[in-house]
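Examination of the molecular architecture
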Amino acid sequence: MKSEKKIEAGNEVNSRCLKCKDVTNHTIVAIADGKIAKVVCNVCGGRHNYRPDKPQTAAAAKRKTTRAATIASAKSAKIEAQYDDLLTGRDPSKALVYSMTDIFKEDDLLNHPVFGLGIITETVMPNKIEVLFREGSRLLVCGRLCR
Ligand SMILES: [Zn+2]
């Protein structure tokens, strides 16, 4: 059985040290919520937050998530800009109420009970319409199209 090293102040752990710019031996000086909080570098004597010697640290994972969120929000900002552009000058009160059996055409303004106002950007034969809503494009079913 593998025994986990107990986290206790005074124990030694490997941590990244910014002064040494390396993973060095550190002594634990503070614990928070059962996790190592502060360590003292045994090489340079510097006291700092514990930086685990692992490729996927919580901080790195968080950075990754934040980056993905930034990309996603940039994408949605682009969709919103396009959406606002398409809706400019439109009268929402004249929007057609969406129904699966009605027939729509490109550029129609649509009012969907769930997604709200949208613009039909494309008609897809034989019975689908691509609609741009504020949150993005959706393919909806409509009455059979004829051209
Ligand atoms: Zn150091």
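Here the residue numbering is sequential within each chain, running from 1 through the sequence in written order. Reporting of local features is limited, given that this is a predicted model, to residues whose pLDDT is at least 70; pairs of side-chain atoms are given and counted only at 80 or more, and all residues count toward the totals for whole chains, interfaces and linings. Each side-chain value is worked out from all heavy atoms of the structure, with water and hydrogens disregarded.

Here the zinc ion is held by the protein donor atoms C17 (SG), C20 (SG), C41 (SG) and C44 (SG), which lie 2.3 Å from it. Distances up to 2.8 Å from the metal define which N, O and S atoms are donors, and 3.2 Å serves for Na, K and Ca; water is absent from the atom set, so sites may look incomplete. Between 85 and 135 degrees for all angles marks four donors as tetrahedral; over 155 degrees for opposite donors together with 65 to 115 for all other angles marks four donors as square planar and six as octahedral; every other arrangement is irregular. Taken together, the four donor atoms coordinating the zinc ion and their angles of 103 to 115° define a geometry best described as tetrahedral. Motif for the zinc ion, donor spacing along one chain: C-x2-C-x20-C-x2-C. In this pair, C17 is assigned in strand β1 (residues 12-17) and C44 in the loop between β3 (35-41) and β4 (47-49), connecting sequence segments 27 residues apart. Comment: elements are numbered from the N terminus, with helices defined as DSSP H or I runs of at least four residues and strands as E runs of at least two.

Paired through their backbone hydrogen bonds, the strands of a sheet run either parallel or antiparallel. DSSP-based pairing: two strands are paired if at least 2 bridges between them are found. Read from one edge of the open sheet, five strands run β5-β6-β7-β8-β9, paired in mixed fashion. What marks the edges here is a single partner per strand, and that holds for β5 (96-97) and β9 (136-141).

Two aromatic rings, drawn from Phe, Tyr or Trp (for Trp, its six-membered ring), form a pair once their centres lie within 6.5 Å of each other, and the interplanar angle then sorts them: stacked below 30 degrees, edge-to-face above 60, tilted otherwise. In this structure the tally under the stated criterion is two aromatic pairs. Measuring from ring centre to ring centre gives 6.2 Å for Y98 and F104, while their planes differ by 20°; the resulting arrangement is stacked. Comparing Y98 with F104 shows no difference in burial state: the two are buried. Arranged with centres 5.2 Å apart and planes meeting at 50°, the rings of F115 and F133 form a pair that is tilted. One end of the pair, F115, is in the loop between β6 (109-112) and β7 (116-124); the other, F133, is in strand β8 (residues 128-133), and 18 residues separate them in sequence. Burial classes: relative accessible area under 20% of the type maximum marks a residue as buried, over 50% as exposed, and values in between as partly exposed (1.4 Å probe, protein chains only). Of the residues examined, F115 reaches a relative accessible area of 22% and is grouped as partly exposed.

Here we have four strands laid out as an open sheet, ordered β1-β2-β3-β4, and antiparallel in their pairing. Strands with a single pairing partner mark the edges of an open sheet, and in this sheet they are β1 and β4. Taking the axes of each pair of neighbouring strands and ignoring which way they run, one obtains an average angle of 50° across the sheet. Of the pairings in the sheet, the one linking β1 to strand β2 (residues 22-32) comprises six bridges and is antiparallel in character. Considered in β2, the bridge of R16 is made with V23. Only the stretch in contact is used when fitting a helix axis, every axis being a line fitted to C-alpha atoms; angles between N-to-C directions are given from 0 to 180 degrees.

It is worth spelling out the side chain of D108 at this point. Secondary-structure assignment places D108 in the loop between β5 and β6. At 3.0 Å, the side chain of D108 and the backbone nitrogen of K105 are in polar contact. When residues no more than four places from it in sequence are discounted, the contact partners of D108 are R90, L96, G118, I119 and I120. Polar contact is the term for a pair of N or O atoms within 3.5 Å; when the atoms are in protein, one must be able to donate a hydrogen and the other to accept it, and sequence-neighboring residues count only if both atoms are side-chain atoms. Between two residues, a contact is recorded if the distance between any of their heavy atoms is within 4.5 Å.

Moving on: the pattern of salt bridges. For this document, the term salt bridge refers to a Lys or Arg side-chain nitrogen within 4 Å of an Asp or Glu carboxyl oxygen. Scanning the model with the defined rule gives six salt bridges in all. With a shortest N-O distance of 3.0 Å, D107 and R90 are connected by a salt bridge. Pair noted here: D107 is in the loop between β5 and β6 and R90 is in the loop between α1 (58-87) and β5, with a separation of 17 residues, a long-range link. Its salt-bridge partner being D91, residue K94 comes within 3.7 Å of it at the nearest N-O pair. Using a relative accessible area of 65% as the deciding quantity, one classes K94 as exposed. In this structure D91 comes out as partly exposed when scored by relative accessible area, which is 34%.

Let's shift gears to the nonpolar core. Only buried residues count toward a nonpolar core, which is a set of Ala, Val, Leu, Ile, Met, Phe, Trp, Tyr and Cys residues joined through side-chain atoms within 4.5 Å. Membership of the largest hydrophobic core is limited to 10 residues, which are Y98, F104, L110, I120, I129, V131, F133, L140, C142 and L145. Residue contributions to this core peak at three residues, all from β8. Those residues in contact with C142 that sit more than four places away from it in its chain are S99, M100, D102, F104, N127, K128 and I129. Ranked by size, the runner-up nonpolar core spans eight residues in total, among them A95, L109, L117 and L132.

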